[in-house]
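Residue strings, one per chain:
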Amino acid sequence: MKVVRKNAKGETRQLLLKEYFLNAYLIALLKRVGEGAAKFSKTPELEPVRVRAGR
């Protein structure tokens, strides 16, 4: 179903909906890529260091 109404700027409702869903898709994709990158970028575990007590 196509809704062809133009707003004050001359954009159609169909174009605005496509833009909205494209933005939502890209945000979800970037989130997944970020989660995947975080999974692979593991920081090395730190080893405990002895500390001298008092002087």
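Every residue gets a number counted from 1 within its own chain, in the order that chain's sequence is written. This being a predicted model, a pLDDT of at least 70 is required before a residue's local features are given, and a value of 80 or more before pairs of side-chain atoms are given or counted; all residues contribute to the totals for chains, interfaces and linings. Side-chain measures were taken over the full set of non-hydrogen atoms in the model, leaving aside hydrogen atoms and water.

**Student:** Looking at this structure, I do not really get the overall build of the chain. What am I missing?
**Tutor:** For the purposes of this entry, the term helix denotes a DSSP run of H or I that reaches at least four residues, the term strand denotes a run of E that reaches at least two, and both are numbered from the N terminus. When helices and strands are counted, the chain shows one helix and zero strands. Remark: exposure states derive from per-residue accessible area (1.4 Å probe, protein chains only) relative to the maximum for the residue type, with buried under 20%, exposed over 50%, and partly exposed in between. By the burial criterion, 0% of the 55 residues in the chain qualify as buried. For accessible areas, the Shrake-Rupley method is used with a probe of radius 1.4 Å. Any residue's cover is judged against the shown protein chains and nothing else. Total accessible area on the chain stands at roughly 6200 Å², and carbon and sulfur atoms take up 60% of it.

**Student:** What is the right way to read the packing of aromatic side chains from this model?
**Tutor:** Aromatic rings considered in pairs are described by the distance between their centres and by the relative angle of their planes. Classification of ring pairs rests on two measures: the distance between centres of Phe, Tyr or Trp rings, Trp counted by its six-membered ring, which must be within 6.5 Å, and the angle between planes, read as stacked under 30 degrees, edge-to-face over 60 and tilted in between. Counted by the stated rule, this structure contains one aromatic pair. Between Tyr20 and Phe21 the ring centres are 5.2 Å apart and the planes differ by 75 degrees, which places this aromatic pair in the edge-to-face class. Considered together, Tyr20 and Phe21 belong to a single accessibility category, that of exposed residues.

**Student:** Please clarify how a nonpolar patch on the surface should be interpreted in this entry.
**Tutor:** Any residue with relative accessible area above 30% and no salt bridge may belong to a patch, with like charges joined within 9 Å and the nonpolar Val, Leu, Ile, Met, Phe, Trp and Tyr side chains within 5 Å. Here, a salt bridge means any side-chain nitrogen of Lys or Arg that lies within 4 Å of a carboxyl oxygen of Asp or Glu. A cluster of nonpolar side chains, Leu22, Tyr25, Leu26, Leu29 and Val33, forms an exposed patch at the surface whose accessible area comes to about 480 Å². Structurally, the position occupied by Tyr25 is in helix α1 (residues 13-40).

Read these as geometric descriptors, not functional statements.
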